[in-house]
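Each chain is listed here by its residues.
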Amino acid sequence: MTTTTPSHPTVSYPCRVLSGAGHDLARHAARFGPRPHSGPDLIGVVAAAGLRGRGGAGFPAARKMAAVAGGRRPVLIANGSEGEPLSSKDAVLLQSSPHLVLDGMAAVAASIRARESFLYVPAHLSAVMRQLIADRRVAGWDSTDIKVIEAPRRFVAGEKTAVIAAIAGKAAIPSDSAVSTSESGLHGRPTLVQNVETLAHIATIARYGADWFRTLGTPDEPGTMLISLTGACSAPGVLEVPVGIPLDSLLKTTTAGHPDRLRAVLIGGYHGTWHGTEQLRGHTLSRSSLHSLGASPGAGVVHTLAVGSCGLAATAEIVAYLARESSGQCGPCLNGLPRLAESMTTLARGHWSGDVVADVRRYAALVDGRGACHHPDGTARLVRSAMTTFARDVGLHLRGRCETSHRDGRRRVP
């Protein structure tokens, strides 16, 4: 997808972390001022700011920092791997404001007394980030020891335990551990893994304070967030918006004032949930508002499906991808996800021999909660949301028909 910023004549959004300062350190300094010096008190400031992680889980950032701060030889990892195919927010952030991410790393490392830090990014960003780190050291901007590690381009490679495994020189696959990584992570040491967007926000909080951060967003979920807009958008790309923005307003912006052209929205990415546009009416882009729908902003993906598009076909393609992208280390991923993908594909193609709907629901139940990681759970959640949101399609497909943009709303399934 492109990295252009969508616009609408009546809507404008603040840019706190998408500064556009780019790789130029002098330009970055002019935009944000000197790098903030921090210590253990930063944890309290971040707690007062109410910042939640922007990597998907939404865990309070200060709580994660405090959990490792008292440990022996803690480690900091900045996760910018972004294995989610519909997301490009972290890549855009590392192009627009890479020094803000590195400022955040330096501030957090000082606050938790980490002497070793890692930046985990896709291969195409590794060389430039190494150069920027070297430039900062030469300029005397900071002396933080940051090692850049290349992340594999796999969906599961960005999961926390997979990140730690990759940095340790192992395969980047998730592991099922009863011990928190804040207690025993990289080489058995307390390890803090934060998304790069979270670290960029911490860099601004360290400069401007908690009260400033809370001037946008909601009381429970302050600040701004980056969202990746994809699908049937007038201008797909990455936006920085206040948390709690009404979804009606956002959808009007992304469709140039024509939200009626949308049929459904996938919130949260491939492990997210489908929702009809009417279902989203009155809700905001926030965890508290979406909770009643069984949804979450996740890593900030908003993927729109145009009227006339088949939701079951779109879902079948995603599930087939997720089945291929599993680490294949447990039964639900090795056996269950391929069968779930096959059943969804059968339903999407309109083959009604056998009880394919029962198969879809059965395989979703069999993989849910039984995997070595949450990959099967997220896939099952996506499938269940599709079966509900596109219930009309299910009935049509069982009769060999499909919802389209034709006048009568139906056509034969190929």
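Owing to the predicted nature of the structure, the values given are computational and were not obtained by experimental measurement.

**Brief notes about the environment of Asp 355**
Right, so step 1: Of note, Asp 355 is situated in the loop between α14 (331-348) and α15 (356-367).
Right, so step 2: The exposure class assigned to Asp 355 is exposed, which follows from its relative accessible area of 52%.
Right, so step 3: Taking C-alpha positions, Asp 355 is 64 Å from Pro 34, a pair spaced 321 residues apart along the chain.

**Here we look at helix α4 (residues 89-96)**
Right, so step 1: α4 sits mainly inside the fold: seven of its eight residues count as buried.
Right, so step 2: Listed as buried for α4 are Lys 89, Asp 90, Ala 91, Val 92, Leu 93, Leu 94 and Ser 96.

**Regarding the packing of helix α2 (residues 41-49) against helix α8 (residues 196-208)**
Right, so step 1: Following both chains from N to C, one finds α2 and α8 inclined at 100°, their axes separated by 10 Å at the closest point. The angle between α2 and α8 falls in the class roughly perpendicular. Facing Leu 42, Val 45, Val 46 and Ala 49 of α2, the residues of α8 in contact are Ile 202, Ile 205 and Ala 206.
Right, so step 2: A breakdown of the residues in the contact of α2 with α8 according to their chemical character gives seven nonpolar, no polar and no charged.

**Quick look at the environment of Ala 210**
Right, so step 1: Along the chain, the position of Ala 210 falls in helix α9 (residues 210-213).
Right, so step 2: Remark: the alpha-carbon pair of Ala 210 and Cys 330, spanning 120 residues in sequence, is separated by 44 Å.

**Some points on the sheet that holds strand β9 (residues 301-306)**
Right, so step 1: Taken together, the five strands give an open sheet; going across it, the order is β6-β5-β9-β7-β8, and neighbouring strands pair in mixed fashion. Two strands bound the open sheet, and with one partner strand each, they are β6 (237-242) and β8 (273-276). In this sheet, adjacent strand axes meet at a mean angle of 30° when their direction is disregarded.
Right, so step 2: In terms of strand pairing, strand β5 (residues 224-231) meets β6 through six bridges, oriented antiparallel.

**Remarks on the pairing of strand β4 (residues 191-195)**
A regular strand carries its side chains on alternate faces of the sheet.
Right, so step 1: Where burial is concerned, most of β4 is hidden: five out of the five residues are buried.
Right, so step 2: Here β4 shows no split at all, with Thr 191, Val 193 and Asn 195 on one side and Leu 192 and Gln 194 on the other all buried.
Right, so step 3: Note: strand β1 (residues 75-79) against β4, five bridges, orientation parallel. Pairing of Ile 77 across the sheet is with Val 193, part of β4.

Criteria and cut-off values
- Residue positions are given per chain, counting from 1 as you read along its sequence in written order.
- Since the coordinates come from a predicted model, pLDDT governs what is reported: local features require at least 70, and pairs of side-chain atoms require 80 or more to be given and counted, while whole-chain, interface and lining totals use all residues.
- Note that the side-chain values use all heavy atoms of the structure and ignore hydrogens as well as water.
- For the purposes of this entry, the term helix denotes a DSSP run of H or I that reaches at least four residues, the term strand denotes a run of E that reaches at least two, and both are numbered from the N terminus.
- Each residue gets one of three labels from its accessible area relative to the maximum for its type: buried under 20%, exposed over 50%, partly exposed in between, using a 1.4 Å probe on protein chains only.
- Comment: axis = line fitted to C-alpha atoms, over the contacting stretch for helices; angle = value between 0 and 180 degrees taken between N-to-C directions.
- Working rule for angles: under 35 degrees goes down as roughly parallel, over 145 as roughly antiparallel, 65 to 115 as roughly perpendicular, anything else as oblique.
- Contacts are assigned to residue pairs with any non-hydrogen atoms lying within 4.5 Å of each other.
- The nonpolar class holds Ala, Val, Leu, Ile, Met, Phe, Trp, Tyr, Cys and Pro. Asp, Glu, Lys and Arg form the charged class, and all remaining residues, Gly among them, are polar.
- The pairing criterion for strands is at least two bridges between them, as found by DSSP.

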